[in-house]
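Structural overview for review
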Amino acid sequence: MKVGFIGLGNMGSAIARAVAKCDGVSLLLSSHNPAKAGKLQEEIGGELLDNAAIAAQSDVVFLGVKPYQVADSIKELGASAENDSVWISMATGVDLATLAELLPGHDLVRMMPNTPVAIGQGMTSYSSQSQRGKEIFQTLMAHSGKVVEISEGLMDAATAVAGCGPAFVYQFIEALGDAGVQNGLSRAQAIEMAAQTVLGSAQMVLESGQHPAQLRDAVTSPGGSTIAGVVELEKNGFRYAAISAVNAALKRNQELG
Ligand SMILES: NC(=O)c1ccc[n+]([C@@H]2O[C@H](COP(=O)([O-])OP(=O)(O)OC[C@H]3O[C@@H](n4cnc5c(N)ncnc54)[C@H](OP(=O)(O)O)[C@@H]3O)[C@@H](O)[C@H]2O)c1
């Protein structure tokens, strides 16, 4: 299967790294930015081609340009996109109906990945217009982490929680790390402890099937130090701040769309 990539920035290249791990796939990488694409090619292989050649030759095309660049980058392709390839867009806020107007006759998939896809630990939601698109998408994303199909109406919510979520989590890790440094840990020790604590706790949520509040209860002994910290987080509106962050991101997604 020939899999093309138009738009090889942070997200497009993360997806390309995951797709490169699939058997039987030839990668066609956009030469739009030759320096960036050349570096990626050295890492994962594939052929550098212009966008029109990618559109003409690929069985599947991942579109990884910014949302405001989607329409122009497709219109530039002209007749070279007139075939029955599957197109997969990761553009925030660009819906399947808009893509269908730009790419008539193609099977279309709209995806919302996050950057941990690059290390096989992504959280990707998608909506597909067809069974063919769904099967191809699931096959190509097999090494990317978790992949779930959702109705398109939930895409903004998925974007705000999982697409934007890594930034919120990094901010929390940074804050835990700062507290560690304030109390004498080296920066490296503090960040490692904070990141591994987030990783292990997240794994506990996924593997135990328990509600996070149950897991939190299990580590807060009566009158102990953990409950003292939990109360302080509550006092400072920690959970409300997280909910507000997601809602602000969702509102901005809708404005951008
Ligand atoms: N970053 C995330 O966490 C994330 C999460 C979910 C979804 N997304 C979506 O992923 C898409 C890409 O986001 P990003 O963060 O990866 O942005 P980015 O790093 O700016 O990547 C966009 C890339 O597209 C290239 N490009 C622009 N016009 C092009 C054209 N006509 N042909 C080929 N390549 C072209 C740009 O190249 P130059 O810079 O060299 O011009 C750039 O490398 C967006 O639609 C975004 O909504 C991102």
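A word on helix α9 (residues 187-208). Relative to the 32 Å expected for 22 residues at 1.5 Å per residue, α9 spans 31 Å between its end C-alpha atoms, a close match to the ideal helical length. Backbone geometry just after α9 places Gly209 at a positive phi near 75 degrees.

Before going further, it helps to spend a moment on the side chain of Ser85. Structurally, Ser85 is set in the loop between α4 (70-75) and β5 (86-89). For Ser85, a relative accessible area of 2% puts it in the buried group. If sequence neighbours within four positions are ignored, Ser85 has contacts with Ser58, Asp59, Val60, His106, Asp107 and Arg132.

Next up on the list: the site of the ligand. In the vicinity of the ligand lie 23 residues, with Met11, Asn33, Asn51, Val65 and Thr92 positioned nearest. Contact between the ligand and Asn51: a nitrogen atom at 2.8 Å from a side-chain N or O atom of the residue. Between Thr92 and the ligand, the recorded distance is 2.6 Å, taken from a side-chain N or O atom to an oxygen atom. Out of a free accessible area of 890 Å², the ligand has 80% covered by protein chains. Taken together, the residues that form the shell around the ligand break down as 9 nonpolar, 12 polar and 2 charged.

With 4 of 5 residues buried, strand β1 (residues 2-6) is to be regarded as a mostly interior element. With helix α1 (residues 10-19) bridging β1 and its parallel neighbour strand β2 (residues 26-30), the resulting β-α-β unit is right-handed. Relative to strand β4 (residues 60-63), β1 runs parallel, the two sharing 4 bridges. By the bridge assignment, Gly4 is partnered in β4 with Val61.

Thresholds applied
Residues numbered from 1 in each chain as written. Predicted model: local features only at pLDDT ≥ 70, side-chain atom pairs only at ≥ 80, totals over all residues. Heavy atoms only, no water. Helix = DSSP H or I, 4+ residues; strand = E, 2+ residues; numbered from the N terminus. Expected span 1.5 Å × (residues − 1). Buried < 20%, exposed > 50% of the residue type's maximum accessible area, 1.4 Å probe, protein only. Contact = heavy atoms within 4.5 Å. Near = heavy atom within 4 Å. Polar contact = N/O pair within 3.5 Å; in protein donor to acceptor, adjacent residues only side chain to side chain. Areas by Shrake-Rupley, 256 points an atom, 1.4 Å probe, with all protein chains shown as cover. Nonpolar A, V, L, I, M, F, W, Y, C, P; charged D, E, K, R; others polar. Right-handed = clockwise from strand over helix to strand, strands pointing away. Pairing = 2+ DSSP bridges.

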